[in-house]
Amino acid sequence: MAETLVPQPASDGSAERLARIRAGLSARHSRERRFRFYGIAAIAAALGFVAILFTMILYKGLPAFTQATLEVEVFFDPEVISVDPMPVQQQGQSQAEFRRAMTDWQRQATMVNWNRIVEAAVRNAAPGTEADSRQLLSIVETNARFELRDRFVADPGILGSTARVKMLASANADNWLKGNINRDLPDAQQQLAAPARELADRLYENGHIRFAFASHIFTNVDSRSAPASAGLAGAFVGSLYMMLVVIVLAVPIGVMSAVYLEEFAPKNRLTDLIEVNINNLAAVPSIVFGLLGAAVFINYFRLPLSAPLVGGLVLTLMTLPTVIIATRSALRAVPPSLRQAALGLGASKTQTVFHHVLPVTYPGILTATIIGVAQALGETAPLLLIGMNAFVAQIPGTPLDQSSALPVQIYLWQGNENRNFFEARTSAAIIVLLGLMLTLNAIAIFLRSRLERRK
Amino acid sequence: MHMPSEKIVPSSDLYAISSSTVRTPDESPRPVRVTARDVSVFYGAKQALFDVSIDIPEKAVTAFIGPSGCGKSTFLRCLNRMNDTIEDCRVNGRIELDGQNIYDAALDVVELRARVGMVFQKPNPFPKSIYENVAYGPRIHGLAKNKAELDAIVEASLHKASLWSEVKDRLNEPGTGLSGGQQQRLCIARAIAVSPEVILMDEPCSALDPIATAKIEELIDELKQNFTIVIVTHSMQQAARVSQRTAFFHLGNLVEEGPTDMIFTSPGEKRTQDYITGRFG
Ligand SMILES: Nc1ncnc2c1ncn2[C@@H]1O[C@H](COP(=O)(O)OP(=O)(O)OP(=O)(O)O)[C@@H](O)[C@H]1O
Ligand SMILES: [Mg+2]
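Residues numbered from 1 in each chain as written. Chains lettered and ligands numbered in written order. Predicted model: local features only at pLDDT ≥ 70, side-chain atom pairs only at ≥ 80, totals over all residues. Heavy atoms only, no water.

**Observations concerning the sheet that holds strand β7 (residues 198-202) of chain B**
All names here are of chain B. Rules: Strands are treated as partners if at least two bridges between them are detected by DSSP. Put simply, DSSP H or I for four residues or longer makes a helix, DSSP E for two residues or longer makes a strand, and each gets a number counted from the N terminus. Lines fitted to the C-alpha atoms define the axes, with helices restricted to the stretch that makes contact. Angles between their N-to-C directions range from 0 to 180 degrees. A contact between two residues is defined here by any heavy atoms of the two lying within 4.5 Å.
With mixed pairing, the six strands of this open sheet are ordered in space as β6-β7-β8-β3-β9-β10. The sheet is open, and its two borders are formed by β6 (116-119) and β10 (253-259), each paired with just one other strand. Going across the sheet, the axis of each strand differs from the next one's by a mean of 15°, ignoring polarity. Running at roughly 170° to β6, helix α6 (residues 180-192) makes contact with β6 and β7 of the sheet. Sheet strands in contact with helix α7 (residues 210-223) are β3 (61-65), β7 and β8 (228-232), and its direction is about 150° off that of β8.

Structure (C-alpha cells):
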C-alpha cells in the first residue's frame, strides 16, 4: 500500500499527485460525454416515436374532419308531400286532444316519401345522369330524408317553395371522392355502381358536392344506418360524465385515505398490510376492475348496464390507488419542520394537517389526479365488461342513461366493416380523445402554476 | 470588564450585548416556573437522558449547553411535549409547569403548547404571508375577538420581535421571502403572538450570521422581561451574554446547573470546566 495517496504538503510529491489526477481526467471526461450522449439519444428516440405516432394519427385522422357535402336546390313538391295542414289548437280543444292531433300530423309527415324529393333535387343538379333512383340515392346519406322532414315539420309554410339544402354525401361517395378506394378496381369490387360513381364525380365538378367541415362529428351520436353522419357526441358526453364521477369520488376518498394512513394511522401490521394492498391494487389489470364492477355494481346493486355512473365507479376503483399513492408521497415530502412549527404553536394534529401540510401538497395531488383521470378516460377494457360498448343512439341526459365512451367509440369504429371510411374516423376520434387529454393536462399545469404562485 | 458579583442586577440594560464577559449571577429570588424531576428519555431501547432534575426560574433566560448529542434538544422538547410527535420516544419522570404535571393525562397538549412556545433551530415560517404567520396562533386559540384585535396582536408581536419596521409595508408577502435572520425573528413573533408563559429556543441563531445573531440576542434580552426563556446554544459566549442561569449537559446527564456567572467562573465539576474552556465538545 505504499502508493496510497495521503494528503501531503504541496512541496513534495505534488507534481506526481497532479500527474495522477490528470491521467484519470480524460477517462472521466469521456465517460461524462458518453453518458450525455446516451441521454440525448434516449430522449431523441422517445420524441421520435411520439412524433411518428402523432404524425400518423394526424395524417390519417385530419381528412375525416372534412366530408363530402351536397348542396342542392330542393323543391318541396306539394304533390309528393300530400299532408293535411298542420293542426292549430281550436277553442275548447283540450291540450291532450291537440297533442294527439299534432302527433297524427307528424306521423303523416313521416309517411311522405321524402326520398322522391331528394332524388328530384339531385337529378336537377346533374341533368341527364344515367343513375337509376337506387343508384342515385346511394350517394346521399340515408338520413337526408329525415332532415327534409324535420325542416318541413318546423316550417310547413315551406310547402311548394324551393330551398337550398345541405346534406351529407354517403360514406361510399365520400370514399370515392377522397380516393380512399382504388378507382381502377373492377365494378364488382366497387362500393358504388358505375353510374353512381359518375354522378358523384359530376356533382363534385359542378360544385354541388364540396368538402365541408364535418361539424356533425361533434354534435351527432353514433349511427349504423347513416355512417357518414355518425358522430362522437354521445361518447364524448359519456366520457365527461365518467370523468365527473371519478373526480367527485376518487379525489376526496383518495386524499382522505392517504391523509389518514400517512398522518394519523398507527404504524402496525394492519396498516402495513393495507399499504401493501393499495400498492398491489395499482398494478391490477384494468379488466379485472371491469369484472368486479359487473359483479358488484350491476349484478348486486342492480345499477343499469352501460351507464356512465357504473363506468365512473369502476374507473374510480382504478384511479384510487394512483391518487392515494401520489398523495402519500406528496405528504411524505413535506418537511417535518412545517409540522413542528404548527404543532409547536399549539395547533392540533388535524389543524396541522389541514392548515399547513395538505395545502403544500395540492400541486402534487392535482397533478396525480389529472394523470389518474386521464388514464381512466383512456381506459377501454373495463368498460366493455359493463356494457358500454353497446350501440347507443342518443346523448345521455344523466349519468344513469345508457352511453358509450370515447375510447370505446374508437374501438367500435375501428371494428366497423366499412373500413376505408371508418379508418379515418377512428383516427379522428383518437385526435378528439388526445385533445381532451391535452386540455386536461393544460388545465393541470395552469392550476398548478397558480397554486404554486399563491404560496 | 469583570463585574462585581455581590450586587443583584435585575435591570436588563446592564446586560448589554457588547459585553462578552461573564456577568453577575442573578440571585434575586425568582419564582420557579418549570420544575423537572428525574426525567429520563428513551428513544426505543436507547436511553438519551438520565434522571435530569432542574428548576427553571420565571422571567429569566436559562441556557442549556453541552457537546453535540448530549440531550439538550431532547430535554427541551420534553418541556412542551414535542417528544410526543416522535415515534417510540418515551419520557419518564415528572415535569411541572406552575405546579401542574404536564404529562398528566388530564392536561391538553394543545393548551400546554399555547403556554410553552417554541422556536426552532432552522427558521421555519409557514409558506404563507407574514401576517398569516403571526396571526395563525392567536386565530386557532381564539385569542382575538375580531379583525382589529388580531391586527393589533400581529403588530405588537412583530414590534416585540423587532421586525415591525422591516415588514410593515409587506405584511402580505410570503414569510419565506425574508432573509434568514428576519425569518427567525418572524418565528419568534409567531411564538410570542399567543403570549406563552415559557419560550423554548433550540439553537435559534445557529443558522444566522453574526449581525442577525446579535439582533436575536438583543431581542431575547428584552423578551425576558415578560417571558420565561430556555435556550439551547453551542456558543459559550452566547450563553454568557444572554442567560442568567446555565445548565451543562453531558452524555445525557445534567452535570451541573447554576447562575451563569458561577458556571463560567467557578464550575463545580471538572467536566464543566473542560467543556467551557474548550478542552472537549
Ligand atoms: N428522533 C430520535 N430518534 C432516536 N434517537 C434520537 C432522536 N433524537 C435524538 N436522538 C438521540 O438522542 C441523543 C440526544 O440527542 P439530542 O438531539 O437531544 O442532542 P443535542 O444535545 O440536542 O445535540 P446537538 O447539540 O447536536 O443538537 C443523541 O444520541 C441522539 O442520537
Ligand atoms: Mg439539538
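**Looking at the nonpolar core**
Our working rule: By nonpolar core is meant a set of buried Ala, Val, Leu, Ile, Met, Phe, Trp, Tyr and Cys residues that side-chain atoms within 4.5 Å join together. Buried means the residue's accessible area, taken with a 1.4 Å probe over protein chains only, is under 20% of the maximum for its type, while exposed means over 50%, and partly exposed covers the values in between.
Residues Leu232(A), Leu315(A), Leu383(A), Ile386(A) and Leu406(A) are the most contacted members of the largest nonpolar core, which totals 49 residues. At the level of elements, α9 (233-264), α11 (286-300), α12 (308-332), α14 (349-377), α16 (406-414) and α17 (419-454) of chain A are the ones that each hand at least two residues to this core. Looking at this core, the element that brings in the most residues is α17(A), giving twelve residues. Once residues within four sequence positions are removed from consideration, Leu383(A) is found in contact with Met242(A), Gly311(A), Leu315(A), Met388(A), Asn389(A), Ala405(A) and Val408(A). Ile130(B), Ala161(B), Ile199(B) and Ile229(B) belong to the second largest nonpolar core, which has 46 residues in total.

**Here's the deal with the UniProt feature "transmembrane region" (unreviewed entry) in chain A**
Let me state the cut-off plainly: UniProt positions are given in the numbering used here, feature names are shortened, and annotations may be inferred rather than shown by experiment.
The residues that UniProt annotates with the feature "transmembrane region" (unreviewed entry) are residues 37-59, 240-261, 281-301, 307-331, 352-377 and 428-447 of chain A. Overall, residues 37-59 of chain A shows 100% helix and 0% strand. The separation of its end C-alpha atoms is 32 Å.

**Notes on the site of ligand 1**
Residue and element names in this part refer to chain B. Which entries qualify depends on this criterion: In these notes, residues near a molecule or strand are those with any non-hydrogen atom within 4 Å of it. Whenever a nitrogen or oxygen atom comes within 3.5 Å of another N or O atom, the pair is scored as a polar contact, on the condition that within protein one atom can donate a hydrogen and the other can accept it, and that pairs from neighbouring residues in sequence are kept only if both atoms are in side chains.
With respect to spatial proximity, 14 residues lie near ligand 1, and among them Ser68, Lys72, Ser73, Thr74 and His234 are the closest. Within the side chain of Tyr43, a nitrogen or oxygen atom sits 3.5 Å from a nitrogen atom of ligand 1. Between ligand 1 and the protein, one listed contact pairs an oxygen atom with a backbone N or O atom of Cys70 at 3.2 Å. Going through the elements one at a time, β2 (46-57) and α1 (72-79) are the ones with two or more residues in the shell around ligand 1. When residues of the shell around ligand 1 are assigned to their parent elements, the largest contribution, four residues, is made by α1.

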